[in-house]
Each structure stands twice: as C-alpha cells, then as structure tokens.
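Breakdown of the fold
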Amino acid sequence: AFTFENIVTASALHPKPQNIQFTYGTAGFRMKASLLDSIMFRVGLIAVLRSKKLDGSVIGVMITASHNPEEDNGVKLVDPRGEMLEQSWEVYATSLANAPNDDALVETLERIIAQNKIDVNKPSNILYAYDTRPSGPALVASLEDAIKAAGSSYTNFGLKTTPQLHYGVRCLNTQGTNDAYGEPTEIGYYNKLATAFRQIVSDKQRLSPLYVDCANGVGAPKLRELIEVIGEDIISVNIVNDKIGVEGALNHNCGADYVKTGQRLPPGSTVTSGDRAASFDGDADRLVYYYVDTDGTFRLLDGDKIAGLSAMFIMDLVQAAGVDSIKVGVVQTAYANGNSTTYLTKVLKVPVSCVSTGVKHLHHEAEKYDVGVYFEANGHGTVLFSAEALQTIRTAKGRTPAQTTAIAQLRALTDLINQTVGDALSDMLLVEAILTHRQWSLKEWDQAYTDLPNRLVKVVVANRHIFKTTNAERQLVEPAGLQADIDALVAKYTSGRSFVRASGTEDAVRVYAEAATRAETDELAFRVAELVF
Ligand code: 16G
Ligand code: ZN
C-alpha cells in the first residue's frame, strides 16, 4: 500500500544533497552520476503517482545520459504511449527533486496528489531500463527502493536502448486493444523491425556492409542481436566501437555526437573512400551517416539529410500507392542547415515547420501532419503516421500491381519506423531500406543538396538565463538590442544566418552560424560569439 510512513522511512537512505538545485529539463535530470541518488528515488515516486493518475497505465523510466561522458548519468520518464512525460509533470518532478527534507517531501507529494485528484489506492505499474553506464545498477537500486516503498508494481526491462524502453511502454499499454503496438518484449521489438525490413528490401540487391560506430554503448549488443534476427544474408554490418565493458570508453572520441559536432571521423576509424558508415550515440536514439569522398573529404549525412531522404521516399511511395490524400510534412529546428530547408520546400515542395530544440517540441508538431517527418540536425528523429493515415494505408486496395506493391511497402514502413521516439536502430533500417530501393551509394544520397558551411560555438557566460528567444529560438528578445546587432552582422555575409540560444543541457550559450563559405561562416560565428560574451 501507498503510505507516507513507508516512503519517509525509505527516503532516509536517499537524502537530497545540500545546495543543489535540480531541474527536469529537455533530457530529464542529467548530471554527474554521484549526485543522482536522491533524484532516482524521487523520480520513482513521481512515476508511481503518474501511473496512479492514469489508472495504472505503465509509466517508463529510462536511466541514461545519452551522449554525455561516462561519469554522467540521468533519468527521464516516459508516458503511456511511449512519449515524453507531459510538460506539467516536469514541474512536479522538479519540485519533488528539490524538497530539502522529509517534511517538504511529504508536503510536495500531498500537493501533487491533491492538485491532480490522485487516488493513491489505485494500482500503478512502472517499466524501467538502463544503459551500459557503470553507475546504472546503484541508481536502479535507488529507483526500486522508491517504487517498493510506494507499494507499486514494476518490471525491470534490463539493459536497453532508450527507444526500446519507449517501445516497451507503448506495447504494454496498448496490448489487446485495436491500437496494439507490438509484443512487449525485446524479441518482439526485433521481430517487428526485422519482418518489416525483410519485406521492404525483398527482391532488391543488398548493399555493401555498413560500418556502425556504436559509441561503445548499448547500441552495440542490441544492433548485433537485431542483425541476427534479420539475417546476415539480408543486411551486413561491421560493428565498431562496441567496447561496453571498457571503463571510460562510452562516447569517448566516437559516437554520433562526436562525429556531428566535430564533422570528422572518430580517431582510429578505418573508414575509407567507398565505405558506408554510420554512428549511434550512447543510448542509440541518434543516428548520423558519413563517408569519405574520393578526394579524401569527410562528408556528413546528418539528421537533415535523413529527413530529406525519408520525406522524398515516403512522398514517392504515397504517390505510387495512389493514396495522395496523405500529406507529408517535415519538422525541423533552427539548427537545420539552410540548404536542407531550401531543398525540402523548393525541390520536394513539402511543408516545413520550425520549432524549438528538444524532441518533445518536434514530436508534438509532427503529429499535426498525416505523415510527420521530424529530425534534429544532430540525428534524433522519426516519422509519425496519424491514425487516419494508418487507416488509409491499412485499408487501401491497389488498382494495379504497382499500386499494390507500393501500398504493401508503405504498410511495412509503418512497422519499421519507431512511432514513439527517434530510434537509431529503426532509423538505420529505414535509411538502409531506402538506399537499397534506389541502389544508391551515400554519395548519391548526398547529391540532393550541399550543406552550407556551418559552425556551432559554445560560449560560457555569467548567466545564460538572460538570453530569451522567440520565433522557434531564431531570434533573441533579451538582452535588448542584441538581436539587432546580430542582424547587422549577418547582413554582411552571403547566405548568412546566425542565432543564439541558451543551452537546455549545459551551463552555456550556443551560437550557430552558416554562410556561403567556410571562412565567412567561421568569421560570422566568431563575431556573434563576441557580441554574446
Ligand atoms: C536534449 C534533447 C535533444 C536536443 C538537445 C539540445 C531530448 C530527448 N533531447 O538532449 O533533442 O537536441 O537536448 O541540447 O529532447 P542543448 O539545449 O544543450 O543545445
Ligand atoms: Zn541519445
């Protein structure tokens, strides 16, 4: 049963460190793992309350710090449909995390219960998982202490990628309904992806092996298992950076964030001209592709490129299937390369919306389209099919053999693509499926458009909270006058664009700049950074 006595007794073992202010941000709680003990306990309590509020629906808890260094860890909550925690509850999580002592803890719990009219005698169910970080097991124990003290049911989903946990939550909550998402097991996840992939690429000639850098994280064993289920006769990968047992290796000089930020190969990479390569991040929810050109230049195919490729392919399929009522849209953030936006709007002629950074904003906006393709430039993204679009695709009947084939392929795509959150494994299969269909090399994919040179600079400032933005973070409203200065600078550069925003995950301000040439870009980024500092 749920009693404050049990909770307070258990909480004594997980005191909040003094003088720290915690915030549930875009990535949940994330920091040095050594500071997370009390957070884990309290997140457990929030998860239990959220589940009770939703009549016992399964709530997910993922323990990971994604692309951050190995000594960090973090935790985020997953809502019943596999989506990010509803925003109003982020506030509850933050207040509970900051309750200085047991009295305040109980008061905060009582307030949340009262405000949401929660019946604490209702059942609650939690599904949790963790990545490969060494700090994981101790944090799991703190989480379990809370869930047990609160008298809740729970399931340990074990070592998983973040998207696998999202998948599991959605499956459990939709089991036995018309809306069933899949079998709530890891093998169920692999089988769903594998069946869809095999169907899409059947009778097509397979591609050369793909090098996959798994950031020395959980993506390595999971990709290996997935490939085994699909069959090595159908897809072949060379898994690199799979040292999950080696201390300090996670995300170190490898992974999607390293490759995207530095726009370079991971050191020691054996990828050469003609090879196809991709990188995941530490919890396998981001994906970027890259290759080395014949002249030795590194070429990155980031989230923007994946969005362009996916939108193009899906639009073609929709047409070929004769279900033109289905409208495709793309969601980007201000970090999308200017030429990607031009390609989408001018060449593909697809509607594009721009929203603030953070998966929840993109996801929410993508839900407004029949088929909403959303990707952050950093490689996080997916494709959402609306209920109506799914219905149309499921019931469509082809009038020609070509239409029938296209409809079947669209159907398979809806299974191949993880509808809950961006998923490196699923996204990789999506890209591989499209490239197999077209028999394209990465270079051919890259021909769609050429990225404008771009630069991201991190500026450490006294107080990043004074930087307030509007217009999907593309303009500053505060400090007063700064945007006008930035505009005046930008106007001096051909195809110049620059914006400034406070990071949601680090104590710093980020400056983004792009322009026609590398030299102009670097100069613009540097000069805007000077204005900010
Ligand atoms: C978080 C976001 C990611 C975003 C990044 C920006 C989620 C799950 N993750 O990692 O989407 O790109 O923050 O970081 O929403 P920044 O605010 O430090 O630039
Ligand atoms: Zn991640």
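Residues numbered from 1 in each chain as written. Chains lettered and ligands numbered in written order. Predicted model: local features only at pLDDT ≥ 70, side-chain atom pairs only at ≥ 80, totals over all residues. Heavy atoms only, no water.

1. Topic: the coordination of the zinc ion (ligand 2)
At the metal site, the zinc ion (ligand 2) is ligated by Ser66 (OG), Asp281 (OD), Asp283 (OD) and Asp285 (OD), and these contacts range over 2.0 to 2.1 Å. Between the four donor atoms coordinating the zinc ion (ligand 2), the angles at the centre fall across 86 to 170°, so the site counts as irregular. On the accessibility criterion, serine 66 (4% relative accessible area) is buried. (Donors = N, O, S within 2.8 Å, 3.2 Å for Na, K, Ca; no water. Tetrahedral: all angles 85-135°; square planar, octahedral: opposite > 155°, others 65-115°. Buried < 20%, exposed > 50% of the residue type's maximum accessible area, 1.4 Å probe, protein only.)

2. Side note on the packing of helix α2 (residues 37-53) against helix α3 (residues 87-98)
Interhelical geometry of α2 versus α3 gives an angle of 140° and a closest axis separation of 9 Å. Compared by their axis directions, α2 and α3 come out oblique. At the point where α2 passes α3, the crossing takes the right-handed sense. Between α2 and α3, the residues in contact are Ile39, Arg42, Leu45, Ile46, Leu49, Arg50 and Lys53 and Trp89, Tyr92, Ala93, Leu96, Ala97 and Asn98, respectively. The residue makeup of the contact of α2 with α3, split by class, is nine nonpolar, one polar and three charged. (Axes fitted to C-alpha atoms, helices over the stretch in contact; angles between N-to-C directions. Helix = DSSP H or I, 4+ residues; strand = E, 2+ residues; numbered from the N terminus. Parallel < 35°, antiparallel > 145°, perpendicular 65-115°, else oblique. Left-handed = near helix turned anticlockwise from the far one by under 90°. Contact = heavy atoms within 4.5 Å. Nonpolar A, V, L, I, M, F, W, Y, C, P; charged D, E, K, R; others polar.)

3. Let's talk about unusual backbone geometry
Cis rather than trans, the peptide bond between glutamate 478 and proline 479 has omega equal to -5°. Locating proline 479 in the fold gives a position in the loop between β17 (475-478) and α17 (482-490). The backbone of aspartate 55 shows a phi angle near 55°, a positive value even though the residue is not glycine. With respect to the helices and strands, the residue aspartate 55 is situated in the loop between α2 and β2 (58-63). The backbone phi angle of asparagine 471 is positive, close to 55°, even though this residue is not glycine. As for its position among the elements, asparagine 471 is in the loop between β16 (468-470) and β17. The exposure class of asparagine 471 is partly exposed, given its relative accessible area of 37%.

4. Here we look at helix α11 (residues 338-347)
Within α11, burial applies to Gly338, Ser340, Tyr343 and Leu344. Capping the start of α11, asparagine 337 holds a side-chain oxygen 3.1 Å from the backbone nitrogen of asparagine 339, two or three residues further along. (Polar contact = N/O pair within 3.5 Å; in protein donor to acceptor, adjacent residues only side chain to side chain.)

5. What about the domain arrangement of the protein?
Here the protein is partitioned into domain 1 (4-159), domain 2 (188-300), domain 3 (303-446) and domain 4 (454-532). A separation of 35 Å is found between the C-alpha centroids of domain 1 and domain 4. (Domains from an automatic or database assignment.)

6. Structural notes on the packing of helix α14 (residues 401-416) against helix α15 (residues 424-438)
Two elements in contact, α14 and α15, have axes separated by 10 Å at closest approach and are oriented at 155°. Relative to α15, α14 is oriented roughly antiparallel. Where α14 abuts α15, its residues Gln409, Leu413 and Leu416 lie against Ser426, Leu429, Leu430, Ala433 and His437. Split into classes, the residues belonging to the contact of α14 with α15 amount to five nonpolar, three polar and no charged.

7. As for the packing of aromatic side chains
This structure, assessed with the given rule, holds 13 aromatic pairs. Seen from their ring centres, tyrosine 290 and phenylalanine 298 are 5.5 Å apart, and the 35° between their planes marks the pair as tilted. Tyrosine 290 gets classed as buried once you look at its relative accessible area, which sits at 2%. Of the aromatic side chains, those joined through ring pairs into one cluster are Tyr167, Tyr181, Tyr189 and Tyr190. We note lysine 192 situated over the ring of tyrosine 181; from NZ or CZ to the ring centre the distance is 3.5 Å. The ring of tryptophan 440 has arginine 438 lying over it, and the distance from NZ or CZ to the ring centre is 5.9 Å. (Phe/Tyr/Trp six-rings, centres within 6.5 Å; stacked < 30°, edge-to-face > 60°. Lys NZ or Arg CZ within 6 Å of the ring centre and 35° of its normal.)

8. Re the site of ligand 1
Around ligand 1 sit 13 residues in total, of which Glu376, Ser503, Gly504, Thr505 and Arg510 are the nearest. Here asparagine 378 contributes a side-chain N or O atom positioned 2.9 Å from an oxygen atom of ligand 1. Within the complex, the protein chains bury 91% of what would otherwise be the 450 Å² of accessible surface of ligand 1. Split by residue class, the shell around ligand 1 holds two nonpolar, seven polar and four charged. (Near = heavy atom within 4 Å. Areas by Shrake-Rupley, 256 points an atom, 1.4 Å probe, with all protein chains shown as cover.)

9. As for the sheet that holds strand β15 (residues 454-459)
Read across the sheet, three strands follow the order β15-β19-β18 without closing on themselves; strand pairing throughout is antiparallel. One side of each edge strand has no neighbouring strand; the edge strands of this open sheet are β15 and β18 (497-502). Across the sheet, the mean angle separating the axes of adjacent strands is 15° when strand polarity is ignored. Alignment of β18 against strand β19 (residues 509-514), held across six bridges, turns out to be antiparallel. Its bridge partner being in β19, phenylalanine 499 is matched across the sheet by tyrosine 512. (Pairing = 2+ DSSP bridges.)

10. Regarding the state of the cysteines
One pass over the full model with this rule turns up zero disulfides. Cysteine 254 takes part in no disulfide bond, and the closest cysteine sulfur, belonging to cysteine 214, lies 9.4 Å away. (Disulfide = S-S within 2.5 Å.)

11. Examining helix α5 (residues 136-149)
Each α-helix turn comprises 3.6 residues. Residues three or four places apart therefore point the same way. Taking 1.5 Å per residue as the helical rise, α5 with its 14 residues ought to reach 20 Å, and the 20 Å between its terminal C-alpha atoms agrees with that figure. Along α5, the residues that are buried comprise Gly136, Leu139, Val140, Ser142, Leu143, Glu144, Ala146, Ile147 and Ala149. Turning to α5, the residues buried within the fold contact α1 (4-11), α2, β2, β3 (72-78), β4 (125-130) and β5 (153-159). Positioned one or two residues after α5, glycine 151 has a phi angle of 70°, which is positive. (Expected span 1.5 Å × (residues − 1).)

12. Description of the pairing of β4
Inspection of the sheet shows β2 paired to β4 by six bridges, in the parallel sense. Within the sheet, the bridge partner assigned to valine 58 lies in β4 and is asparagine 125. Note that β4 and β5 share six bridges and pair parallel. Paired with asparagine 125 across the two strands is serine 153, which belongs to β5. This β-α-β element, β4 to α5 to β5, shows right-handed connectivity. (Right-handed = clockwise from strand over helix to strand, strands pointing away.)

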